[in-house]
2 protein chains.
Amino acid sequence: MSVSDSRPRPTISDVASKAGVAIGTASKALSGSGQLRAETRERVLASARELGYQPNSLAKSLQSGRTYTVGLMTSDSVGRFNQPLMLGINDALGAGRMSVFLCDARGDGVREQYFLDSLIARQVDGIIVTGWRTDHRPPLGGDRLGVPVVYAYAHSADPADVSVLPDDEHGGRLVGEHLVATGRRRIAVVTGPVDYEAVPQREAGLRAALADAGLEPLPGQVLHGDWSESWGREAVDILLSQQTAFDAVFCGSDQIARGVADQLRDRGVKVPTDVALVGFDNWEVFAETTRPPLTSIDMNMEELGRVAARRLLDLIDGTPRSGVERLPCRIVVRESSRPSVSSLAPSADETAATV
Amino acid sequence: MSVSDSRPRPTISDVASKAGVAIGTASKALSGSGQLRAETRERVLASARELGYQPNSLAKSLQSGRTYTVGLMTSDSVGRFNQPLMLGINDALGAGRMSVFLCDARGDGVREQYFLDSLIARQVDGIIVTGWRTDHRPPLGGDRLGVPVVYAYAHSADPADVSVLPDDEHGGRLVGEHLVATGRRRIAVVTGPVDYEAVPQREAGLRAALADAGLEPLPGQVLHGDWSESWGREAVDILLSQQTAFDAVFCGSDQIARGVADQLRDRGVKVPTDVALVGFDNWEVFAETTRPPLTSIDMNMEELGRVAARRLLDLIDGTPRSGVERLPCRIVVRESSRPSVSSLAPSADETAATV
């Protein structure tokens, strides 16, 4: 299975000589270690490629005591969150010449243990654990793991562990600030189950932004259901039956927001003229195709993956780190929350000025 | 970074003795090689886990000349197709004690070459290439790779390569047979761009099934656009403007079908009473939440991943294989295509009998 056994393998000296650098420089460029100018590294890598130079990673690993491999323990079968996370992790680790072992545990403890055993046997330098929700989870493998671990969009119950999470409260605050700035005053909330930590965190951020403007979410119009379009549709019927005028709905996900948009449309309520609508996740296949396209909060999952990878590289290099790091969200404004004078909004007098 | 250095490592003899099997049997169970009863393998693995037995994979690799690693070269940033593929691949290779290196090339040639170099340097036993469309692509790394490669939901332009693909023609045939069996006779098609090989293949399957019933798709009502909801909505307006009655629409994707469903609803056409609707992909977040829920074709992507992994294991074991293998699809029937007497369908007389 090895490559080009029939001709002599080029050596690192051949690569160095072709690139016009010292052997030590070539070695640093190929191993990704040391400080080198980008051009130098590129020239060495190009020479190595042209010559077909292939370092023996296994022998290198036995010499260095490191394998330059990382385990990626995932558990999101829909892939909504893990796909961009994996892109970012793969990117940041690849830049450091680390390779990533994919371990899809599907949230199943037995599978996770099986993959963990295989990662330990392969002597990975570290492990990144990703999740599909941000709630506390048991630390991977208990206390005696002996391998650096970082949790990305997953939250270890052990406070000594490193967990990198989106700042859901910040996301909620962005929504509140945006709705206030665009003249909305009577804000309903249609969100997911209360046992998800992100749900009260986003609501707290919204409340904080509204409080700064002397407002609060409409009493009795903070509604919790599941993360589905059908819940969004059902919630609109509840909101309209309560006969409390509202001029904006903040939804816990873009799927919920899609359901809200479709039902408002069916019930003759215009978005954004009568009601502004904001989702969460910025899942393009939903946000961009909703009628009208959805303003949404982006949790920057790919960047979150990159940051988690860099934290792991720090731990592997011996830099002590611990605790929870929360990364800011950003708001992507689309048509569903454009400012507009609303027939349902009693306090819409500021709206025109805000445009 | 290694684990439990402070106590003596258990040996394979300890594992064998605890499991009550011979050392050779324990070795086979731990390496995933040879023919063993499932119970025996499970007992050995359980004993190994309880004892904390960890084989040294690096040393094992240098002895065997194999690394028990496989590269997974992916390029689907949305993750719609690659996520279930990866699950299946990870599953089937994990059962053979193979670990998977994740390489997300994002369809970029430079990134693909970078990852390929790193896989070669790590002396992987084989590589699986996945795609986000089934059209021909250049073989990975050209002719001289010297490492077994299998293409999964990707189609190597080299006919000597092994490509595992869904049988799109079969998918189209299933749709035609289902629509005919449920009494539909006047079938329009709203699908994706003609330069996707899957598009004419699915249409060919539909035509074959209709021909068996003496039918054909409605002339002038096979419409090509992009893979989007907005195209689905636009296509409905085209279909209705042509004033040719139709009693079914076969869509090239569930996203297109969602757009068709929404626009038919807006235009007062009832699904499935007036028009049956069938999508493709069985992407649950769309298919299950469309009003009404969508009948769709499932390409069994997870199983496709498993088959691709098994073909790669065959190649690694020296079994010669080549060419394209197409796996059957299955139809998932939901409310959007329930049989019904249609006001638009002149030949609906068989419908009641079919229920």
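Thresholds applied
Residues numbered from 1 in each chain as written. Chains lettered and ligands numbered in written order. Predicted model: local features only at pLDDT ≥ 70, side-chain atom pairs only at ≥ 80, totals over all residues. Helix = DSSP H or I, 4+ residues; strand = E, 2+ residues; numbered from the N terminus. Buried ≥ 20, exposed ≤ 12 C-beta atoms within 10 Å, placed from the backbone. Contact = placed C-beta atoms within 7 Å. Pairing = 2+ DSSP bridges. Axes fitted to C-alpha atoms, helices over the stretch in contact; angles between N-to-C directions. Parallel < 35°, antiparallel > 145°, perpendicular 65-115°, else oblique. Left-handed = near helix turned anticlockwise from the far one by under 90°. pLDDT = per-residue confidence, 0-100. Nonpolar A, V, L, I, M, F, W, Y, C, P; charged D, E, K, R; others polar. Expected span 1.5 Å × (residues − 1).

Chemist: Which residues make up the overall build of chain A, and what values do they have?
Modeler: When its secondary structure is counted, chain A shows 13 helices and 14 strands. Of all 355 residues assigned to chain A, the portion counted as buried reaches 51%. Considering only contacts within chain A whose residues lie at least 6 apart along the sequence, 72% involve residues at least 24 apart.

Chemist: Provide a residue-level description of the sheet that holds strand 8 (residues 187-191) of chain A, including the pertinent values.
Modeler: Residue and element names in this part refer to chain A. Ordered by their spatial adjacency, six strands build an open sheet running 9-8-10-11-12-14, and the pairing between neighbours is mixed. The open sheet has two edge strands, strand 9 (222-224) and strand 14 (330-332), and neither has a second partner. This sheet shows a mean twist of 20° between the axes of neighbouring strands, independent of strand direction. Here strand 8 pairs with strand 10 (residues 248-251) via four bridges, running parallel. Bridge pairing links Val189 to Phe250 in strand 10. Its contacts with the sheet put helix 7 (residues 168-181) on strand 8, strand 10, strand 11 (276-280), strand 12 (295-298) and strand 14, and the angle it makes with strand 11 is roughly 165°. On the sheet, helix 9 (residues 229-241) packs against strand 8, strand 9 and strand 10 and is oriented at approximately 145° with respect to strand 8.

Chemist: Describe in detail the sheet that holds strand 13 (residues 323-327) of chain A, supporting the description with residues and values.
Modeler: Taken together, the 12 strands give an open sheet; going across it, the order is 13(A)-7(A)-5(A)-3(A)-1(A)-2(A)-2(B)-1(B)-3(B)-5(B)-7(B)-13(B), and neighbouring strands pair in mixed fashion. A single partner strand is all that each edge strand has here, and the edge strands are strand 13 of chain A together with strand 13 (323-327) of chain B. Neighbour-to-neighbour, the strand axes of this sheet turn through a mean angle of 25°, independent of strand direction. Sheet topology places strand 5 (residues 149-152) of chain B next to strand 7 (residues 162-166) of chain B; three bridges connect them, and they run parallel. By the bridge assignment for strand 7 of chain B, Tyr151 of chain B is matched with Ser163 of chain B.

Chemist: An account of unusual backbone geometry is requested, with residue identities and associated values reported.
Modeler: Residue and element names in this part refer to chain A. Each neighbour pair has its own omega, and for Arg291 with Pro292 the value is -5°, a cis peptide bond. Checked against the element boundaries, Pro292 lands in the loop between helix 11 (284-287) and strand 12. Unusually for a residue other than glycine, Arg106 sits at a positive phi of about 55°. As for its placement among the helices and strands, Arg106 is situated in the loop between strand 2 (99-104) and helix 6 (109-121).

Chemist: Can you explain the packing of helix 9 of chain A against helix 10 (residues 254-266) of chain A? Please cite residues and give values.
Modeler: Between two packed helices, what matters for the description is the angle formed by their axes and the separation of those axes. All names here are of chain A. One can describe the packing of helix 9 onto helix 10 by two numbers: an axis separation of 6 Å at closest approach and a directional angle of 45°. One element, helix 9, and the other, helix 10, form an angle in the oblique class. With respect to the hand of their crossing, helix 9 and helix 10 are arranged in right-handed fashion. Residue-level inspection shows Glu229, Ser230, Trp231, Gly232, Arg233, Ala235, Val236 and Asp237 of helix 9 in contact with helix 10, the latter providing Gln255, Ile256, Ala257, Arg258, Gly259, Val260, Asp262, Gln263 and Leu264.

Chemist: Requested: an account of the confidence of the model for chain A, with residues and values cited.
Modeler: Residue and element names in this part refer to chain A. Within chain A, residue pLDDT values average 87, and 87% of them lie at 70 or more. Low pLDDT (under 50) marks residues 342-355, which in the prediction has 30 contacts with non-local residues, meaning those over four places away or in another chain. The complex model carries a pTM of 0.80, and its ipTM stands at 0.79.

Chemist: Tell me about the environment of Val162 of chain B, and name the residues and values.
Modeler: Residues and elements named next belong to chain B. Its location among the elements puts Val162 in strand 7. Through-space distance from the C-alpha of Val162 to that of Gln123 is 20 Å; in sequence the pair is 39 residues apart. With residues up to four places along the chain from it excluded, the contact list for Val162 reads Val150, Tyr151, Arg311, Leu315, Arg321, Ser322 and Gly323.

Chemist: Mind laying out the packing of helix 1 (residues 12-19) of chain A against helix 3 (residues 38-51) of chain A, listing which residues take part and the relevant values?
Modeler: Residues and elements named next belong to chain A. Between helix 1 and helix 3, whose axes approach to 9 Å, the crossing angle comes to 125°. On the basis of the axis angle, helix 1 is oblique to helix 3. The chirality of how helix 1 crosses helix 3 is right-handed. Facing Asp14, Val15, Lys18 and Ala19 of helix 1, the residues of helix 3 in contact are Arg43, Val44, Ser47, Ala48 and Leu51. Each residue belonging to the contact of helix 1 with helix 3 can be placed in one class, and the counts come to five nonpolar, one polar and three charged.

Chemist: Can you lay out helix 8 (residues 198-212) of chain B for me, pointing to particular residues and giving the numbers?
Modeler: Residues and elements named next belong to chain B. Helix length check: helix 8 (15 residues) gives 21 Å between terminal C-alpha atoms against 21 Å at 1.5 Å per residue, within 8%. Within helix 8, burial applies to Ala198, Val199, Gln201, Arg202, Glu203, Gly205, Leu206, Arg207, Ala209 and Leu210. Along its buried surface, helix 8 packs onto helix 7 (168-181), strand 8 (187-191), strand 9 (222-224), strand 10 (248-251) and strand 11 (276-280). Count one or two residues on from helix 8 and you reach Gly214, which has phi positive near 75°.

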